[in-house]
Amino acid sequence: MELIGITFISNVRDEKVMGNGIIFRIYERVAEYLNLNDISEDTHLVLLHKISLDPVYLISIPTENGKVKAYSLKAVIDALYSKLLEEREDLVWKREQNLQEKAKKLGENVNIYDELKKFKFNKIIGIVSFPLIDRNPYFGYYEKFLGIHKKIGEKEVMVLSIKPFFSEDTDLLVDRVAKGILHEIGHSYGLDHCENSCIMHPPKNIQDWDRRRPYFCAECLAELKKNAGWI
Ligand SMILES: [Zn+2]
Ligand SMILES: [Zn+2]
């Protein structure tokens, strides 16, 4: 089984925007979509505590539309990576304790290390609500339907901006972001973009995305399962 951590990265300013349990609803919706695609047995989302970035790290940068306050992409990736390591250690330790207890109860000789190997937790998704910059140029990704992937050894850090999906209608917002996360999960299992009626088909605009159903096409799903080693 593979775990994927999901967290929200905020600063004090936008915490109220993300109130009303929106992150929890996004998490639930993605879990529902994994289930619809029949992969919830193999991959589980874990909702982690949010990460707060201090406003002192904000950088003011000039753009075509005036000044924008942004965080460094590198700082965000570093924060997500250390969060993954920390949570991972915690979970693996808990898992080990459970296995030991189980083995004791059953009086069996369970090879705990073999059992632990089956349990992967190498991926984390961070949802951000503020612009990011990479060195000096303003990071246009904030406005685009694109996630950022960074591989560090066998770990993978993904960052997704909520901005292009924004709507006053929270149910619509939840659905748009959840589909975006499903798409990024697809990339994290090595899928490329796809031309079929598929969640891996990138949208031209938000209306296009709203029409997209939350499914991987048969080819993408087969490739995902193969890449993940599930078949
Ligand atoms: Zn993509
Ligand atoms: Zn596809």
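As annotated in an unreviewed UniProt entry, the chain carries the name Peptidase M54 and comes from Palaeococcus pacificus DY20341. UniProt's Cofactor (unreviewed entry) comment on the chain is quoted here verbatim: "Zn(2+)".

**Student:** Which parts of the structure should I look at to understand the pairing of strand 8 (residues 147-152)?
**Tutor:** Remember that side chains alternate between the two faces of the sheet whenever the strand is regular. Two strands pair when backbone bridges link them, and strand 8 and strand 9 (residues 155-161) are joined in this way by six bridges, in the antiparallel orientation. Opposite I152, over in strand 9, you have K155 as the bridge partner. Between the end of strand 8 and the start of strand 9, which pair antiparallel, lie two residues, with G153 showing a positive phi angle near 60 degrees.

**Student:** Would you explain unusual backbone geometry in this entry?
**Tutor:** Most peptide bonds are trans, and most residues other than glycine sit at a negative phi. Residue D38 is not a glycine yet carries a positive backbone phi of 65 degrees. Looking at where D38 falls in the secondary structure, it is placed in the loop between helix 1 (22-36) and strand 2 (43-47).

**Student:** What's the story with the coordination of the zinc ion (ligand 2) in this structure? I'm lost.
**Tutor:** Coordination angles at a metal have ideal targets, namely 109.5 degrees for four tetrahedral donors and 90 or 180 degrees for six octahedral donors. Within the protein, the zinc ion (ligand 2) binds to C194 (SG), C198 (SG), C217 (SG) and C220 (SG); these donor distances fall in the range 2.3 to 2.4 Å. Taken together, the four donor atoms surrounding the zinc ion (ligand 2) define angles of 107 to 112 degrees at the centre, an arrangement classified as tetrahedral. In the primary structure, the donors to the zinc ion (ligand 2) are separated according to the pattern C-x3-C-x18-C-x2-C. In this pair, C198 is assigned in the loop between helix 4 (170-188) and helix 5 (206-211) and C217 in the loop between helix 5 and helix 6 (218-228), connecting sequence segments 19 residues apart. The class for C198 is buried, based on a relative accessible area of 1%.

Basis of the calculations
Residues numbered from 1 in each chain as written. Chains lettered and ligands numbered in written order. Predicted model: local features only at pLDDT ≥ 70, side-chain atom pairs only at ≥ 80, totals over all residues. Heavy atoms only, no water. UniProt positions renumbered as here; feature names shortened; annotations may be inferred. Pairing = 2+ DSSP bridges. Helix = DSSP H or I, 4+ residues; strand = E, 2+ residues; numbered from the N terminus. Donors = N, O, S within 2.8 Å, 3.2 Å for Na, K, Ca; no water. Tetrahedral: all angles 85-135°; square planar, octahedral: opposite > 155°, others 65-115°. Buried < 20%, exposed > 50% of the residue type's maximum accessible area, 1.4 Å probe, protein only.

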